Amino acid sequence: MTAAVPGQNGPSGLRAAWHAHLPYDAAIPLNQRRWIAGEGSLTARLMSASSRFRVTRINQSPRPPFADEWRALGLIRPVPAITREVLLICDDVPAVFAHTIVDPYRARRDWPFLRGLGNRPLGGALFVDPRVRREPFQFARLTVHHPLRQALQRVLPAFASVPMLPARRSVFRRGGGAMLVTEVFLPDLLTRAAPPNIGAGGTRLPRRIDTHHKEARPA
């Protein structure tokens, strides 16, 4: 069995169990598991599986992190951290809700691109920088009461009817800075065919990925 990483989230004391491996759940079919467990840039994989890809930024501001988040970053107390939330959208359908928090003490020095990122995907900056290191994934199944689900439901209320959404997170490090990226996988990826897992070093991103369109293929 895999030991869970407990974290107390929000005033209600709810807990999310984060595991080193994606737990078995009949509600997570094989195709979606391939999306969740795939290495490399999720942005690049979503682009390869869609004709049109875009990012919509929901929020980017200092916010108090959840208890298991600030501990994951190695902070000694829950000070407000730079928080960025976006939707990754394939063919006009939301596919992933991404929630990122950044160590506020080192953000300007080690993550200088954050301020001007706008609606461009984070992966476009992380996966082209050789100084960025990614730690192993942790996985969880989020119920409707989890704070990340509630943040998503404020933007897309229809997802309140989905009992469970799978999620993963990992810490990125650059210099002395740390960034925790959590990705919540939405029902679109139950059926959108997952591309082959080509590994962390094999995903290349085009220069312009804020509004990506595939070229039409000849009939």
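Please read these numbers as outputs of a predicted model, since none were measured by experiment. (Residues numbered from 1 in each chain as written. Predicted model: local features only at pLDDT ≥ 70, side-chain atom pairs only at ≥ 80, totals over all residues. Heavy atoms only, no water.)

S.K.: Please provide a residue-by-residue account of the overall build of the protein chain, values included.
M.R.: Each helix and strand in the protein chain was counted, giving 6 helices and 10 strands. Expressed as a percentage of contacts within the protein chain between residues at least 6 apart in sequence, the contacts between residues at least 24 apart total 68%. (Helix = DSSP H or I, 4+ residues; strand = E, 2+ residues; numbered from the N terminus. Contact = heavy atoms within 4.5 Å.)

S.K.: Can you tell me about the nonpolar core, naming the residues and giving the values?
M.R.: Ranked by internal contacts, the top residues of the largest apolar core, which has 21 residues, are Trp35, Leu46, Phe53, Leu88, Val96, Phe185 and Leu189. Among the secondary structure elements, those contributing two or more residues to this core are helix H1 (30-37), helix H2 (42-48), strand S3 (52-63), strand S4 (81-90) and strand S5 (93-102). In this structure, leucine 189 is in contact with Asn31, Gln32, Trp35, Leu46, Ala95 and Val96, ignoring residues within four places of it in sequence. Listed in part, the 16 residues of the second largest apolar core include Phe97, Ala140, Leu142 and Phe159. (Core = buried A, V, L, I, M, F, W, Y, C linked by side-chain atoms within 4.5 Å. Buried < 20%, exposed > 50% of the residue type's maximum accessible area, 1.4 Å probe, protein only.)

S.K.: Would you mind going over the pattern of salt bridges in detail, with residue names and values included?
M.R.: According to the stated counting rule, one finds 12 salt bridges in the structure shown. Between arginine 52 and aspartate 92 there is a salt bridge, with the nearest N and O atoms lying 3.0 Å from each other. Taken as a pair, arginine 52 in strand S3 and aspartate 92 in the loop between S4 and S5 lie far apart in primary sequence, 40 residues in all. Close ionic contact of arginine 131 with aspartate 129 constitutes a salt bridge, the shortest N to O distance being 3.2 Å. Among the ionic contacts, a cluster of salt bridges with common partners joins Arg52, Arg54 and Asp92. (Salt bridge = Lys/Arg side-chain N within 4 Å of Asp/Glu carboxyl O.)

S.K.: Talk me through the confidence of the model for the protein chain; I want residue IDs and the actual numbers.
M.R.: Note: predicted coordinates in regions of low pLDDT should not be interpreted at a detailed level. Here the protein chain averages 82 in pLDDT, while 82% of its residues score no lower than 70. Counting contacts from residues 1-14, a segment whose pLDDT is below 50, to residues more than four positions away or on other chains yields 35 contacts. Segment residues 199-212: pLDDT under 50, and 33 contacts once partners within four positions in sequence are set aside and those in other chains are kept. (pLDDT = per-residue confidence, 0-100.)

S.K.: Which residues make up the environment of alanine 95, and what values do they have?
M.R.: With respect to the helices and strands, the residue alanine 95 is situated in strand S5. Residue alanine 95 is classed as buried on the basis of its relative accessible area of 0%. On a C-alpha basis, the gap between alanine 95 and leucine 190 in space is 9.5 Å, while along the polypeptide they are 95 residues apart. When near neighbours in sequence (up to four residues on either side) are disregarded, alanine 95 contacts Leu46, Leu88, Ile89, Cys90, Val184, Phe185, Leu186, Asp188 and Leu189.

S.K.: I'd like a description of H1, backed by residues and values.
M.R.: Those residues of H1 lying buried are Asn31, Gln32, Trp35 and Ile36. Down the axis of H1, the buried side of the element spans an arc of 135°, and every buried residue falls inside it. The inward-facing, buried residues of H1 contact H2, strand S7 (138-143), strand S8 (164-174) and strand S9 (177-185). (Arc of directions from axis to C-beta.)

S.K.: Account for the side chain of glutamate 69, with residues named and values stated.
M.R.: Along the chain, glutamate 69 turns up in helix H3 (residues 67-72). When sequence neighbours within four positions are dropped, the list of residues in contact with glutamate 69 reads His99, Ile101 and Leu180.

S.K.: So what's going on with the UniProt feature "binding site: substrate" (unreviewed entry) in the protein chain? Which residues, and what values?
M.R.: Sites flagged by UniProt as "binding site: substrate" (unreviewed entry) map to Arg84, Leu122 and Glu183. The largest pairwise C-alpha distance within this set of annotated residues, which runs over 100 residues, is 11.8 Å, so the set is compact in three dimensions. Position of arginine 84 among the secondary structure elements: in strand S4. Judged by relative accessible area, which is 4%, arginine 84 ranks as buried. In this view, arginine 84 contacts Arg57, Asn59, Gln60, Ala98, His99, Thr100, Leu114, Leu117, Gly118 and Arg120; residues no more than four positions away in its chain are not counted. Along the chain, leucine 122 falls in the loop between helix H4 (107-110) and helix H5 (123-126). Leucine 122 gets classed as buried once you look at its relative accessible area, which sits at 11%. For leucine 122, the residues in contact, after removing those within four places along its chain, are Thr100, Phe113, Leu114, Leu117, Met179 and Val181. (UniProt positions renumbered as here; feature names shortened; annotations may be inferred.)

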